[in-house]
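Chain by chain, the residues:
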Amino acid sequence: MRNNGGNAGGYGGSTGATGAGRTQAQRDAVTVEIGYALASAVFVAAVAFGVVTGPALFLDLSPGAVHALMTVGGILATVLFALRVATVLFRFRQGPALPQPSQPGRTSPDS
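Residues numbered from 1 in each chain as written. Predicted model: local features only at pLDDT ≥ 70, side-chain atom pairs only at ≥ 80, totals over all residues. Heavy atoms only, no water.

## What to know about the overall build of the chain
Next up, step 1: On a plain count of helices and strands, the chain comes out with two helices and zero strands.
Next up, step 2: The proportion of buried residues among the 111 residues of the chain is 14%.
Next up, step 3: Considering only contacts within the chain whose residues lie at least 6 apart along the sequence, 56% involve residues at least 24 apart.
Next up, step 4: Just so you have it, the chain exposes about 8,700 Å², and 66% of that area is on carbon and sulfur atoms. (Helix = DSSP H or I, 4+ residues; strand = E, 2+ residues; numbered from the N terminus. Buried < 20%, exposed > 50% of the residue type's maximum accessible area, 1.4 Å probe, protein only. Contact = heavy atoms within 4.5 Å. Areas by Shrake-Rupley, 256 points an atom, 1.4 Å probe, with all protein chains shown as cover.)

## Notes on the environment of Gly-74
Next up, step 1: Summarising the element assignment, Gly-74 is placed in helix α2 (residues 63-94).
Next up, step 2: Among the residues examined, Gly-74 registers a relative accessible area of 25% and is labelled partly exposed.

## Some thoughts on helix α1 (residues 24-58)
Next up, step 1: Helix length check: α1, at 35 residues, gives a terminal C-alpha distance of 50 Å against a target of 51 Å (1.5 Å per residue), a fit within 8%.
Next up, step 2: Along α1, the sharpest kink reaches roughly 45°, centred on Val-52 and followed within four residues by the proline Pro-55.
Next up, step 3: The set of residues buried in α1 consists of Glu-33, Ala-37, Ser-40, Ala-41, Ala-45, Ala-48, Val-52, Thr-53, Gly-54 and Ala-56.
Next up, step 4: Buried residues along α1 sit against α2. (Expected span 1.5 Å × (residues − 1). Bend = angle between axes of the 7 residues up to and from the residue.)

## Some words on a nonpolar patch on the surface
Next up, step 1: Nonpolar side chains collect at one region of the surface, where Phe-43, Val-44, Val-47 and Val-51 lie side by side and expose about 370 Å² of accessible area between them.
Next up, step 2: The partly exposed category is assigned to Val-44, whose relative accessible area is 31%. (Patch = residues over 30% accessible without salt bridge, like charges linked within 9 Å, V, L, I, M, F, W, Y side chains within 5 Å. Salt bridge = Lys/Arg side-chain N within 4 Å of Asp/Glu carboxyl O.)

## A word on the environment of Phe-92
Next up, step 1: Here Phe-92 lies in helix α2.
Next up, step 2: Discounting chain neighbours no more than four positions away, the residues touching Phe-92 are Ala-29, Val-30 and Glu-33.

## Comments concerning α2
Next up, step 1: With 32 residues, α2 should reach 46 Å at 1.5 Å per residue; the first-to-last C-alpha distance of 46 Å fits that figure.
Next up, step 2: Among all positions in α2, only Gly-73, Ala-77, Val-85 and Val-88 are buried.
Next up, step 3: Along its buried surface, α2 packs onto α1.
Next up, step 4: Of the residues one or two after α2, Gly-95 is the one with positive phi, at around 85°.

## Considerations on the packing of α1 against α2
Next up, step 1: Running from N to C, α1 and α2 point in directions that differ by 160°, and their axes come no closer than 8 Å. When the axis of α1 is compared with that of α2, the two are roughly antiparallel. As for the relative orientation of α1 and α2, their crossing is right-handed in sense.
Next up, step 2: In terms of residue class, the contact of α1 with α2 is made up of 27 nonpolar, four polar and two charged. (Axes fitted to C-alpha atoms, helices over the stretch in contact; angles between N-to-C directions. Parallel < 35°, antiparallel > 145°, perpendicular 65-115°, else oblique. Left-handed = near helix turned anticlockwise from the far one by under 90°. Nonpolar A, V, L, I, M, F, W, Y, C, P; charged D, E, K, R; others polar.)

## Side note on the side chain of Ser-40
Next up, step 1: Residue placement: Ser-40 occurs in helix α1.
Next up, step 2: At a separation of 3.3 Å, a polar atom in the side chain of Ser-40 contacts the main-chain carbonyl oxygen of Ala-37.
Next up, step 3: Setting aside residues up to four positions removed in sequence, Ser-40 forms contacts with Arg-84 and Val-88. (Polar contact = N/O pair within 3.5 Å; in protein donor to acceptor, adjacent residues only side chain to side chain.)

Quick look at the structure:
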């Protein structure tokens, strides 16, 4: 038996805070968006960490300088990860800024 948003076991109820259920397509879109947010945040954090800590690999630095670069890189990567996830999910929640045309190439209904 397939449960399409029913309240089986108290999980995934069909009514949310607004009282409206979500379709499978909407749930799939949320799942994809969360995956994109996490993947892009990992990439941004890794690049930032690499840029900040890169000199520690290639330059002959004191142990204090290496520790400082690693600490700053870790903090920066963590902050950028959180910001990236938050901005991607916030933009998704807001929806598209402008309505999309019904036919590709058209800019207005009477063109």
